[in-house]
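# Chain and residue survey
Each chain, letter by letter, is given below.
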Amino acid sequence: QVQLVESGGGLVQPGGSLRLSCAASGSIFSINAMGWYRQTPGKQRELVAVITSGGSTDYADYVKGRLTISRDNAKNTVYLEMNSLKPEDTAVYYCHAKVVTSTRINRVYWGQGTQVTVSS
């Protein structure tokens, strides 16, 4: 069993910053890609950013230059540094990981989600 635990969400004013963290734990052999998705009511979950185990990154166009994804492979943790936040960034942010379990099974796991609200 693998768990992803997110932290760092909250309320921030427009133009402000937040840092999200997501730590993976459990029966992990290795973790390939880790990423962040977000979802607002009535909309599909959408990719925000992804990072491979080698450090290659990819971002949704609407966050380029404002959000930065990084990871600490030794801690099985992924981060999302969010700057210049806009009200339209308000959403539940979900951590995502493509894991090779200790039994060498490839599985995808999701965190429980953390709310980010950008409002004055």
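The structure we're discussing is the one just above.
A brief report on the enclosed structure follows. (Residues numbered from 1 in each chain as written. Predicted model: local features only at pLDDT ≥ 70, side-chain atom pairs only at ≥ 80, totals over all residues. Heavy atoms only, no water.)

Here the focus is the sheet that holds strand β7 (residues 67-72). With antiparallel pairing, 4 strands are arranged side by side in an open sheet as β1-β3-β8-β7. The sheet is open, and its two edges are formed by β1 (2-7) and β7, each paired on a single side. Shown here is a sheet whose adjacent strand axes are inclined to one another by a mean of 15 degrees, direction ignored. (Pairing = 2+ DSSP bridges. Helix = DSSP H or I, 4+ residues; strand = E, 2+ residues; numbered from the N terminus. Axes fitted to C-alpha atoms, helices over the stretch in contact; angles between N-to-C directions.)

Membership of the largest hydrophobic core comes to 31 residues, with the highest contact counts inside it found for W36, V48, I69, V78, L80, M82 and Y93. For this core, the elements supplying multiple residues, two or more each, are β1, β3 (18-26), β4 (28-39), β5 (46-51), β7, β8 (77-82), β9 (91-101) and β11 (114-118). Look past the residues within four positions of I69 in its chain and what remains in contact with it is M34, G35, W36, A49, V50, I51, T57, Y59, V78, Y79 and L80. (Core = buried A, V, L, I, M, F, W, Y, C linked by side-chain atoms within 4.5 Å. Buried < 20%, exposed > 50% of the residue type's maximum accessible area, 1.4 Å probe, protein only. Contact = heavy atoms within 4.5 Å.)

This brings us to the pattern of salt bridges. Throughout the structure, instances matching the rule amount to 5 salt bridges. Between R38 and E46 there is a salt bridge, with the nearest N and O atoms lying 3.0 Å from each other. Given the relative accessible area of 33%, E46 is considered partly exposed. D89 serves as the salt-bridge partner of R66, at 2.7 Å between the closest nitrogen and oxygen. Of the two residues, R66 sits in the loop between β6 (57-59) and β7 while D89 sits in the loop between β8 and β9, which places them 23 residues apart along the sequence. With respect to class, R66 is no different from D89; both count as buried. (Salt bridge = Lys/Arg side-chain N within 4 Å of Asp/Glu carboxyl O.)

Just distances and angles here, no functional claims.
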